[in-house]
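# Summary of structural features
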Amino acid sequence: MTVFYWLVLFILLIIVELGTLQLVSLWFACGSLAGLVILQLGGSIEAQLIGFLLVSFVLLILVKPLTDKKLKGHQVKTNVDSLIGKTAKVIKQINGPDGRGVAVVNGLEWIAVAYDDSVFEEGTYVTIREISGVKLIVEAKAEEV
């Protein structure tokens with residue numbers, strides 16, 4: 001291959017990366033530079049392609065997870081996600097998975113259904129297992145030691 005091909009490949013991969021910002025094409029662009037360096041050192045086409053693939057995949061496998069972790073940073077739960085695992089107080093009886101009741105958490109009333117066939121009387125404290133739409137899916141509160 002000639003210098004031209006490696007430079008064109010490098011530029012195309014950088015353009016793709018700028019369009020997606022997924023940090024995938026970037027590693028292949030670095031691989032194309034490795035192919036270019038091997039070409040300049042007099043390497044065969046096979047050596048260039050092996051260098052391209054090797055550098056690309058090593059960077060993709062080793063560096064991408066680190067950059068993803070750094071770029072995503074600490075993910076903050078949304079208001080709704082932060083309710084999972086919290087305690088709610090039943091203010092209207094919850095009768096099994098099909099029977100709806102009402103529970104209060106953080107001062108707000110929510111429609112609540114039991115995760116299993118449990119019945120929760122008024123005044124019972126329950127744990128929020130998940131949220132489905134506008135309903136709390138609750139289960140019995142684990143006893144605290």
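Before reading on, note that the structure itself is shown above.
Heads up: these notes are all about the structure in this document. (Residues numbered from 1 in each chain as written. Predicted model: local features only at pLDDT ≥ 70, side-chain atom pairs only at ≥ 80, totals over all residues. Heavy atoms only, no water.)

The next thing to look at is the overall build of the chain. Counting its regular elements, the chain contains four helices and seven strands. Along the chain, from the amino end to the carboxyl end, the secondary structure elements read α-α-α-α-β-β-β-β-β-β-β. Against the compact-globule benchmark of 15 Å for 145 residues, the chain has a radius of gyration of 28 Å, which places it well outside the compact range. Projected onto the principal axes, the alpha-carbon positions of the chain cover approximately 80 × 30 × 25 Å. Each of the 145 residues in the chain was classed as buried or not, and the buried ones make up 29%. Working note: accessible area of the chain is about 9600 Å², and carbon and sulfur atoms make up 64% of it. Taking the average place of the 12 positive charges on the side chains of the chain and the average place of its 14 negative ones, the gap between the two points comes to 6 Å. (Helix = DSSP H or I, 4+ residues; strand = E, 2+ residues; numbered from the N terminus. Rg over C-alpha atoms; globule rule 2.2 N^0.38 Å. Buried < 20%, exposed > 50% of the residue type's maximum accessible area, 1.4 Å probe, protein only. Areas by Shrake-Rupley, 256 points an atom, 1.4 Å probe, with all protein chains shown as cover. Lys, Arg positive; Asp, Glu negative; His and termini not counted. Charge placed at Lys NZ, Arg CZ, Asp CG, Glu CD.)

Time to look at unusual backbone geometry. Leaving glycine out, the prevailing phi sign among residues is negative, and the prevailing peptide bond configuration is trans. Within the chain, leucine 23 stands out as a residue other than glycine whose phi angle is a positive 55°. The topology assignment puts leucine 23 in the loop between helix 1 (3-20) and helix 2 (25-40). Of note, asparagine 106 is a non-glycine position whose phi angle comes to about 55°, a positive value. Of note, asparagine 106 is situated in the loop between strand 3 (101-105) and strand 4 (108-114).

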